[in-house]
Amino acid sequence: MHVRVTLVTAPLGASRLAERFADDRPLDQAAWHTVQLAAHALVPLAAAGLRYCSPTHRSRATGDALGFAPLVQPALSDWDMGTWRGLTLGEVAAHDPLAVDTWLRDPRAAPHGGESLLDLVTRAGGWLDTRPFEDGGALAAVAEPAVVRALLVYALNAPPAAYWNVDPGPLSAVTLTGHPGRWSLRLETPR
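J.: Is there a simple way to think about the sheet that holds strand β1 (residues 3–9) in this case?
T.: Hydrogen bonding along the main chain pairs the strands of a sheet, whether they run parallel or antiparallel. One open sheet holds the 6 strands; their spatial order is β3-β2-β4-β1-β5-β6, and the pairing between them is mixed. What marks the edges here is a single partner per strand, and that holds for β3 (71–72) and β6 (182–186). Two strands pair when backbone bridges link them, and strand β5 (residues 173–179) and β6 are joined in this way by 5 bridges, in the antiparallel orientation. Of the residues in β6, the one forming a bridge with Thr175 is Arg186. Relative to the sheet, helix α6 (residues 145–155) contacts β1, β4 (138–143), β5 and β6, its axis offset from that of β1 by approximately 145°.

J.: Explain helix α2 (residues 57–65) to me, please; I cannot follow it from the model alone.
T.: In an α-helix, one full turn covers 3.6 residues, which means residues spaced three or four apart are oriented alike. Among the residues of α2, Arg58, Ser59, Thr62 and Gly63 are the ones counted as buried. Down the axis, α2 shows its buried residues gathered within 125° of arc, on one side only. Looking at the buried positions of α2, the neighbouring elements they touch are α1 (29–42), β2 (50–53) and β4. Of the residues one or two after α2, Gly67 is the one with positive phi, at around 80°.

J.: Teacher, can you tell me more about a nonpolar patch on the surface here?
T.: A surface patch of nonpolar side chains, amounting to about 310 Å² of accessible area, comprises Leu156, Leu185 and Leu187. On the secondary structure map, Leu185 appears in strand β6. For Leu185, a relative accessible area of 36% translates into the label partly exposed.

J.: Looking at this structure, how should I read the side chain of Arg149?
T.: Tracing the backbone through its elements, the reader meets Arg149 in helix α6. Buried and unpaired, Arg149 has no salt bridge, with Asp167 as the nearest side chain of opposite charge at 5.9 Å. Other than its neighbours up to four places away in sequence, Arg149 contacts Tyr163, Trp164, Val166 and Pro168.

J.: Quick question: what am I supposed to make of the environment of Gly86 here?
T.: Residue placement: Gly86 occurs in the loop between β3 and α3 (89–95). Each C-alpha atom, one on Gly86 and one on Arg25, is 10 Å from the other, the two residues being 61 residues apart in sequence. In this view, Gly86 contacts Arg20, Phe21 and Glu91; residues no more than four positions away in its chain are not counted.

J.: I keep staring at the nonpolar core and nothing clicks. Help me out?
T.: General note: in soluble globular proteins, nonpolar side chains tend to be found buried as a group. The biggest cluster of nonpolar side chains holds 36 residues, and the ones touching the most others in it are Val5 and Leu7. Breaking this core down by element, the ones donating at least two residues are β1, α4 (97–105), α5 (117–129), β4, α6 and β5. Ranked by the residues each element gives to this core, the list is headed by α6, at 8 residues. The contact partners of Leu7, leaving out residues within four places of it in the chain, are Ala141, Val148, Leu151, Leu152, Ser172, Ala173, Val174 and Leu176. Of all hydrophobic cores here, the second largest spans 16 residues; its members include Leu27, Ala31, Val35 and Ala48.

Rules behind the numbers
Residues numbered from 1 in each chain as written. Predicted model: local features only at pLDDT ≥ 70, side-chain atom pairs only at ≥ 80, totals over all residues. Heavy atoms only, no water. Pairing = 2+ DSSP bridges. Helix = DSSP H or I, 4+ residues; strand = E, 2+ residues; numbered from the N terminus. Contact = heavy atoms within 4.5 Å. Axes fitted to C-alpha atoms, helices over the stretch in contact; angles between N-to-C directions. Buried < 20%, exposed > 50% of the residue type's maximum accessible area, 1.4 Å probe, protein only. Arc of directions from axis to C-beta. Patch = residues over 30% accessible without salt bridge, like charges linked within 9 Å, V, L, I, M, F, W, Y side chains within 5 Å. Areas by Shrake-Rupley, 256 points an atom, 1.4 Å probe, with all protein chains shown as cover. Salt bridge = Lys/Arg side-chain N within 4 Å of Asp/Glu carboxyl O. Lys, Arg positive; Asp, Glu negative; His and termini not counted. Core = buried A, V, L, I, M, F, W, Y, C linked by side-chain atoms within 4.5 Å.

Structural data, given as C-alpha cells:
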C-alpha cells in the first residue's frame, strides 16, 4: 500500500518574531494576499481523495480558499502551549529564560503546562499513520507550521531535536509518500 500525503503550511500574517504561541487568529490581509499568490500552484491538490485541515481559523480558511472543502481534524491542532498561549517567545524568555532554555533543549519538557515536543510529534504521527489509505491514493492537509514540522520529524524518523531545524514557509507544500510506519520525503520539480 502506497499513498501520497501533501502537507500545506497555513500562512502566518504577522512577522515571525511577533507571532504568538497558539494564537488562533483569522487570516489577516497579508496572509490572504499570500494565499491568492500561491493558489494557482496549490488548487490542484483539491483533487486529492481526502482533504483535511487543522481546526485553527487560518488552516480552515486556507483550505476553503484553495477549494479543498477540508475535514477538520483535531489531531492536527496547533501545539498546545499551555500558559504560554498568546505570548511571544520574547515575552516568555524575558519572564522565564530558564523555562525557555529547558523547553528548547528537552523534547520531554513542557514548562508551559501544555504538550511537550515529543507529545506533539507523537500526536501528529499518530494522525498520519491512521489515515484511511487507498493504495495509490492521495490526500492533502493544511496545518499550522508547528504541526507540519512535527509530521516531517515523525515521517523521517528523525530525532525530536530535528524539529528546530525544519522551517516550512507560509503555504509551502511538502509531500510524503509511503505507508504507515514507512514514509519518504518527496521533493518535486515545479511545473
